[in-house]
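# Inside the fold
For reference, the chains in residue letters:
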Amino acid sequence: MTSPIIVPSYVSPRVRRFMDQQRDGVKIQPPPPFVETRFGRLDTIPWHLGDAGFADPKNFSTPPHIVGAIVDYLVQGTGRNKLDRDNVKNEVLRMLDGFRDGSLTASELFMALAEFQARRNTGERYSGAYYDVSVTDRFKELIAQERRRDGSVCIDPKQDIILMDSGSQAFDYLIKILGCKVLMPKPNFFTYHVVSNFYSALEGNLDLLRRKAVLYDCDEDGMPKLDEIRRKVREDSEIKAILVINPNNPTGANYSRELLQEIVQIAEENGLLIIADQVYNQLTLNMDRAVLLHELTTDVPIVEIMSFSKEYLMAGFRLGALAFYNVNAALAEVREIARKLDQQRMASNIVSCVGGVAALEGSREHIGQMKEIFRRRREVFKGIDEIPGLKFIPPEAAFYGRIICSGRTGTEFATELLDGAAIATIPGDAFAFSDDPMPYPFTRVTLLTDERRIQEGIERISRLYSKK
Ligand SMILES: Cc1ncc(COP(=O)(O)O)c(C=O)c1O
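## Side note on the sheet that holds strand E15 (residues 442–446)
Strand order in the open sheet made by the four strands is E11-E12-E15-E14, with antiparallel pairing throughout. Bordering the open sheet on either side are strand E11 (390–393) and strand E14 (426–427), each of which pairs with just one other strand. Inspection of the sheet shows strand E12 (residues 400–405) paired to E15 by five bridges, in the antiparallel sense. Bridge pairing in E15 links Tyr400 to Thr446. In this fold helix H15 (residues 410–421) packs onto E12, E14 and E15, with an angle of close to 50° to the strand it touches most, E15.

And the structure:
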């Protein structure tokens, strides 16, 4: 007789309910490499990829000075561990001088020499230690310097910057801490939906998954609808924070100073915290860089989500930060909890931080080169406008463009492109809640495929619709 096998569950009912709900949402699956179309078997053109290094490693790979700094660090260590050979003699002579002039006793001299010897014997390689404050302190200082560029920002690197293992992790930390609803853009970077819903579910809001997120619409050009923001804040007193993603994924929009000022004003009038995702701020295609929110106010509390994935092509290193500005009592509490959580996980990824230091200290030539490539590809994409019924919205920043289609949803249109022309894109519906779809239909494309493949895709779409 066989005994029944009881499979234990390791997952809480709340988490399972959340996952079940997620399955009903838009599914993003890897497209097939080939598609049988009525024009024959075509290889898939990957207009959907958002990972520059994966999509086009020839043009977008981590700059050599960043990789070089990491290799150096692994080979010889740095800071406390690194022995500067030229200074060895001077350091010993200084100790002896100290002994001669009486500032060091004989035993202190002995101890200093012993410590020095120990460093010589063990120090000239990477130790694998959790901490190397010479790296993390320097990194925080460089981030602060970067953000003090306009001269008016008061930011204390030790207090106000918390190193994170990615922008996504930075957001995850924030949402777990915040006990309020956050007003978020629609379309929205989809990780933010999933994370917000997950924590809503954990808090037990099973029937109201969106406990943590309320969406505000952006228009077809990707600009936030300010009236809607005002209305939603007025109607729901539980909204205490607003997420601004500028430049934006998936719209490629870059908000004007005036628009950002209006958002700051709404935040000020309603006591909102601004969560500023500015991970593409240097990747602007029509101007030098995007306007950063903390440059516009010394009053409104802001927490910035930073990432080194995009501008420094370090996505796989998983490197980011939280930066706090205009910290009032309420934001100080958030910062304190974030710091405690940070300490719980011992340390951030020190090897990636070494790369971060090199990124901020070193040349940014690659950013200019990326922008050049994006501008060229953006021009080619404009050929979409020749196809009746379609409109291309060119990005002003980042590397995301959109094709607006009418008469069907973004998902239907993306499916037509994949089935009929073997072109992979991400439907706009994926960037909203599935039961609260986009007010206008679009599919997202990226500037991470080369000009030839963009042109080829446009020809395929043109053929697809002209034969109908
Ligand atoms: C707007 C935006 N914020 C944050 C991230 C996440 O960056 P990270 O790689 O640091 O998690 C992305 C990644 O695509 C993004 O587009």
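## Quick notes on the pairing of E11
Strand direction decides the pairing type here: E11 and E12, joined by four bridges, are antiparallel. Paired with Phe392 across the bridge in E12 is Ile403. What sits between the antiparallel neighbours E11 and E12 is a turn of six residues, in which Ala398 has the positive phi angle 60°.

## What about the site of the ligand?
Contacts to the ligand come from 13 residues, most closely from Gly167, Ser168, Asn249, Ser307 and Ser309. A per-class count over the shell around the ligand returns four nonpolar, eight polar and one charged.

## Here's the deal with unusual backbone geometry
Of the consecutive residues Asn246 and Pro247, the connecting peptide bond is found in the cis state with omega at -10°. Assignment of secondary structure puts Pro247 in the loop between strand E7 (239–245) and helix H11 (257–270). Pro250 follows Asn249 through a cis peptide bond whose omega is 20°. Turning to its location among the elements, Pro250 is positioned in the loop between E7 and H11. Residue Met346 is not a glycine yet carries a positive backbone phi of 70°. Mapped onto the elements of the fold, Met346 is located in the loop between helix H12 (329–344) and helix H13 (350–361). The backbone of Ala422 shows a phi angle near 55°, a positive value even though the residue is not glycine. Relative to the helices and strands, Ala422 is located in the loop between H15 and strand E13 (423–424).

## Quick look at the environment of Asn249
Among the secondary structure elements, Asn249 is positioned in the loop between E7 and H11. With 25 C-beta atoms packed within 10 Å, Asn249 lands in the buried category. Spatially, the C-alpha atom of Asn249 lies 9.6 Å from that of Gly222, the residues being 27 residues apart in sequence. If we ignore the near neighbours within four places in the chain, the residues touching Asn249 are Phe189, Ala398 and Tyr400.

Calculation rules
- Residues numbered from 1 in each chain as written.
- Predicted model: local features only at pLDDT ≥ 70, side-chain atom pairs only at ≥ 80, totals over all residues.
- Pairing = 2+ DSSP bridges.
- Helix = DSSP H or I, 4+ residues; strand = E, 2+ residues; numbered from the N terminus.
- Contact = placed C-beta atoms within 7 Å.
- Axes fitted to C-alpha atoms, helices over the stretch in contact; angles between N-to-C directions.
- Near = placed C-beta within 6 Å.
- Nonpolar A, V, L, I, M, F, W, Y, C, P; charged D, E, K, R; others polar.
- Buried ≥ 20, exposed ≤ 12 C-beta atoms within 10 Å, placed from the backbone.

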